[in-house]
Amino acid sequence: MLNKVAIIGKGMIGISLAVLFTGNGIDTTVLAKDEEIGREKYRAYYKDLIAQGLVTQRQAAACEKLLHFTADYADLADQKIVFECVVEKLDVKYEVYKQIEANCKQLEAVASTTSATSPADLAGGMTQKEKIMVAHPWNPPHLVPCVEVVKNDFTAQESLQAVINILEYCGREVALMNKPAPGFIGNRLQHALYREAVHMVEEGICGPEDIDKCIRSSWGPRYTSIGLFEHFDYAGLDMIVSIDDYLFPDLCNDTKAQPYIRERFDAGNLGYKTGTGVYDWRNRDMDAFRKKAGAPYLQFFNWKLPQGD
């Protein structure tokens, strides 16, 4: 098993991946300009894990010994797998790929954590197009197990398998796409649901609070244990066909963000970050909210933690 990995970028995804990899005993080098900020984020994640009883102080200290920062691509010379976690701008990504190819002479794979960019577009910035792919994690990747892996037309099986191996070693659930599609798997499903939810609010069928209540207290919990197609088979495809034929003609098929959301966006009401959106967030206990949002994923915690001295 590969015992080291490199990460480009110290944003939320990059540092969360560093938490995951070091938490599984993998030597991890993060290329970023400000080590102090990166370590502060890293330690904050481990502070939460310790508070949740998932990691001990001793284990956290052992994990941090595996974490290194550098601002020099030359320090990545012996890295074989690199995770690119920079901003969603192709020119920035292309410059990163140029530096990786120039400095990493043993390179086996580059995995971009992009949530939007097609792997075909990413390949445009690589000379070794067979080594680039998407490995899109869900936030925060050190807790949420799913990673969507998407190859391009050139991706070599050896490169693909190298990335899958390290992710699965760290307990991730790899969802492999046979071909690219905008939004990958999860966001296509999530935004199809979101579109219908907004449509129901706009049509006066129900309010957002009752939609959220319905999801939380009906089928939402089911899909943390079984899959969608498993449920369809279990329910019976005869019933599914009957419901689909009746229901599909009445479902929303809007092709752009709907007025209910667009009007809030245009007014600068973006949700939690601005204080209001669909809901008013100004008096919410955000620490409690974040803990509640992360709680369902704690059951998946399955790291191979180093124990320390």
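The rules we used
- Residues numbered from 1 in each chain as written.
- Predicted model: local features only at pLDDT ≥ 70, side-chain atom pairs only at ≥ 80, totals over all residues.
- Heavy atoms only, no water.
- 1 Å grid on protein atoms, 1.4 Å probe; cavity = no way out; pocket = protein on both sides within 12 Å on 5 of 7 lines; lining within 4 Å.
- Points joined across faces, edges and corners; volume = space filled by probe spheres on them.
- Nonpolar A, V, L, I, M, F, W, Y, C, P; charged D, E, K, R; others polar.
- Patch = residues over 30% accessible without salt bridge, like charges linked within 9 Å, V, L, I, M, F, W, Y side chains within 5 Å.
- Areas by Shrake-Rupley, 256 points an atom, 1.4 Å probe, with all protein chains shown as cover.
- Salt bridge = Lys/Arg side-chain N within 4 Å of Asp/Glu carboxyl O.
- Helix = DSSP H or I, 4+ residues; strand = E, 2+ residues; numbered from the N terminus.
- Buried < 20%, exposed > 50% of the residue type's maximum accessible area, 1.4 Å probe, protein only.
- Pairing = 2+ DSSP bridges.
- Core = buried A, V, L, I, M, F, W, Y, C linked by side-chain atoms within 4.5 Å.
- Contact = heavy atoms within 4.5 Å.

K.L.:
Mind showing me how you'd approach the layout of surface pockets here?
P.N.:
Any space left empty among the atoms is revealed by the rolling of a water-sized probe across them. Computed from the structure, the second largest pocket encloses a volume of approximately 270 Å³. As for the second largest pocket, its lining consists of His 191, Ala 192, Tyr 194, Arg 195, Val 198, Asp 254, Thr 255, Lys 256, Ala 257, Gln 258 and Ile 261. When grouped by side-chain class, the residues that make up the lining of the second largest pocket number five nonpolar, three polar and three charged.

K.L.:
Looking at this structure, I do not really get a nonpolar patch on the surface. What am I missing?
P.N.:
Taken together, the side chains of Met 239, Ile 243, Tyr 246, Leu 247, Phe 248 and Leu 251 define a hydrophobic patch exposed on the protein surface, amounting to about 610 Å² of accessible area. Within the element layout of this structure, Phe 248 appears in the loop between helix 10 (237-247) and helix 11 (259-266).

K.L.:
Sorry if this is basic, but what is going on with the pairing of strand 5 (residues 109-112) here?
P.N.:
Along any regular strand the residues' side chains alternate between the sheet's two faces. Of the two faces of strand 5, both are covered, the one formed by Ala 109 and Ala 111 as well as the one formed by Val 110 and Ser 112. For strand 4 (residues 81-84) and strand 5, the ladder comprises four bridges, and the chain directions are parallel. The partner of Ile 81 across the bridge, within strand 5, is Ala 109.

K.L.:
Could you clarify how one ought to interpret the nonpolar core in this entry?
P.N.:
One broad rule of soluble globular proteins: the nonpolar side chains tend to lie buried together. Core analysis: the biggest nonpolar cluster contains 40 residues, and Phe 21, Tyr 46, Phe 83 and Val 163 have the highest contact counts within it. The contacts of Tyr 46, once residues within four sequence positions are left out, are Val 19, Thr 22, Gly 23, Val 55, Ala 60, Cys 63 and Trp 303. By size, the runner-up hydrophobic cluster in this structure holds 20 residues, among which are Leu 31, Leu 107, Val 134 and Met 177.

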